[in-house]
Amino acid sequence: VSGLTKTRENIVSGIDSIFHGFSKIDEEFYEELEEILIMGDLGVKATYAILDDLRQKVKEQHIKEPLACKQLLIDSIKEQMNVGETAYEFEEKTSVVLVIGVNGVGKTTTIGKLAGKLKGQGKKVVLAAADTFRAAAGEQLKEWAKRADADLIGGQEGADPAAIVYDAVAAAKARKADVLLCDTAGRLHNKKNLMEELKKINRVLEREYPEAFRETLVVLDGTTGQNALSQAKEFSEVADITGIILTKMDGTAKGGIAVAIQAELGIPVKYIGVGETIDDLQKFDSDDFVNALFT
Ligand code: GDP
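A quick note: this is a predicted structure, and the numbers were derived from the prediction, not measured. Throughout, residues of each chain are indexed from 1 in the direction in which the sequence is written. In keeping with the predicted nature of the model, local features appear solely for residues at pLDDT of at least 70, side-chain atom pairs appear and are counted solely at 80 or more, and the whole-chain, interface and lining totals rest on all residues. Neither water nor hydrogens contribute to the side-chain values; these are computed over all heavy atoms in the structure.

A. Region of the structure containing the environment of G225. Mapped onto the fold, G225 is located in the loop between β5 (213–221) and α10 (226–238). For the pair G225 and L194, spaced 31 residues apart in sequence, the C-alpha to C-alpha distance is 23 Å. Whether two residues are in contact is decided by their heavy atoms, any of which lying within 4.5 Å being enough. When sequence neighbours within four positions are dropped, the list of residues in contact with G225 reads D41, K254 and I257. Each helix is a run of H or I in the DSSP string that is no shorter than four residues. Each strand is a run of E no shorter than two, and both are numbered from the N terminus.

Here's what the structure looks like:
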């Protein structure tokens, strides 16, 4: 896992200092570890669960030396992050993917990267510019569509998002597209409107494209740490989220938020953004992520 240097430095330096700095596992050791995990943005809930689990195993296995419990800690974090097998159905089947996210998190860029990735797998991609609320979103998406060599439907500011999705479904069928990626709004200050809008879009999809596999991905800015977690919570109240994409993981020490999200919400982080170009999107794997943080 590349692109996680800062997160690694943040967590690893702290972890190393306690595994080497403490001669025995005592309360002080656990307190220090707790602080490191909280500072690493793993979230309060996940941190406590990890520590409880670790304490229990240390006791059961009569471990006395800090270094001897390092692997137990790694295993505990992995366990907390376990959300089962993460499916990437939209890479396998004819799919519609709704992408949600508030302004500035990197939603447009991420859709462009996803389109590029799918294109690279030999798939035909149609993009629906159904975030008609934000000025210039359509223009920006058009640039990415060009870069990813995907067809773009919609883009008129103020148009009805569900109507654009309707047109996009017709285009996707006519062009025998494999994946329809829909850029949809993310107005969390107006949850009711957002919920209604998503419902309307989903009704169109149920009616017009029942054969397509459906995903709803939420894009979150990884540099915002605990704010990203609360955004994820709020979105999960208005939509059936099937996955999360954490962006800007290249420039942040707050990557531990991936642990908090999976541990607290049970929603898989499916991809992470690690830069601004079309290739800077990586599949996320919890075990690889945790291993990368500790080795
Ligand atoms: P939107 O308002 O959510 O559609 O956000 P944009 O896609 O316009 O992205 C906002 C800014 O974040 C742009 O300058 C992007 O280049 C940048 N950005 C998006 N994803 C990443 C990422 O993974 N890493 C970095 N470093 N920058 C990113």
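B. Focus on the environment of Y166. Positionally, Y166 belongs in helix α8 (residues 161–174). Judged by its relative accessible area of 40%, Y166 falls in the partly exposed class. For the pair formed by Y166 and L281, sequence separation is 115 residues and the distance between their alpha carbons is 28 Å. What Y166 contacts, discounting residues up to four positions off in sequence, is V204 and E208. Partly exposed residues are those whose accessible area sits between 20% and 50% of the maximum for their type, while under 20% is buried and over 50% is exposed, using a 1.4 Å probe and protein chains only.

C. Spatial organisation of the site of the ligand. Here a residue is near a molecule or strand as soon as one of its heavy atoms is found within 4 Å of it. In the vicinity of the ligand lie 17 residues, with G104, T108, T109, Q140 and E276 positioned nearest. Contacts described as polar in this section are N or O atom pairs within 3.5 Å, which, within protein, must combine one atom able to donate a hydrogen with one able to accept it, while residues neighboring in sequence count only if both atoms come from side chains. The backbone of G104 places a nitrogen or oxygen atom 2.7 Å from an oxygen atom of the ligand. Note that accessible areas follow from Shrake-Rupley with a 1.4 Å probe, and for residues the cover is restricted to the protein chains shown. Protein contacts shield 80% of the accessible area of the ligand, which totals 590 Å² for the unbound molecule. Of the residues forming the shell around the ligand, the biggest block, 4 residues, is contributed by helix α6 (residues 107–120). Grouping the amino acids of the shell around the ligand by side-chain chemistry returns 3 nonpolar, 8 polar and 6 charged. Polarity classes work like this: nonpolar for Ala, Val, Leu, Ile, Met, Phe, Trp, Tyr, Cys and Pro, charged for Asp, Glu, Lys and Arg, and polar for all others, with Gly in that last group.

D. Layout of helix α3 (residues 44–60). A helix is expected to span 1.5 Å multiplied by its residue count minus one. Taking 1.5 Å as the rise per residue, α3 with 17 residues should run 24 Å; its terminal C-alpha atoms sit 24 Å apart, in good agreement. Turning to α3, its buried residues are A46, T47, I50, L51, D53, L54, K57 and V58. Considered in projection along α3, the buried side chains sweep an arc of 165 degrees and stay on one side of the axis. Counted as exposed and oriented over 90 degrees from the buried face of α3: K45, D52, K59 and E60. Elements in contact with the buried residues of α3: α2 (27–39), α4 (70–81) and α11 (257–265). Backbone geometry just downstream of α3 places H62 in the positive-phi region, at approximately 50 degrees. By construction, the arc corresponds to the directions joining the helix axis to the C-beta atoms.

E. Up close: unusual backbone geometry. Of note in the backbone geometry, H62 takes a positive phi value of approximately 50 degrees without being a glycine. If you trace the backbone, H62 turns up in the loop between α3 and α4. Notably, D149 is not glycine yet its phi reads approximately 55 degrees, a positive angle. Topologically, D149 is positioned in the loop between α7 (137–148) and β3 (151–154).

F. Representation of the sheet that holds strand β8 (residues 281–283). Strand order in this open sheet of 8 strands is β3-β2-β4-β1-β5-β6-β7-β8, and the pairing throughout is mixed. A single partner strand is all that each edge strand has here, and the edge strands are β3 and β8. Averaged over all pairs of adjacent strands, the angle between strand axes in this sheet comes to 25 degrees, irrespective of strand direction. One bridge is not enough; two strands pair if DSSP finds at least two bridges between them. One ladder, built from 5 bridges, connects strand β1 (residues 95–100) with strand β4 (residues 179–183); its direction is parallel. Bridge pairing in β4 places V97 opposite L181. Structural elements are reduced to axes, namely lines fitted to C-alpha atoms, with helices fitted over the stretch in contact, and the angle between N-to-C directions of any two is expressed from 0 to 180 degrees.

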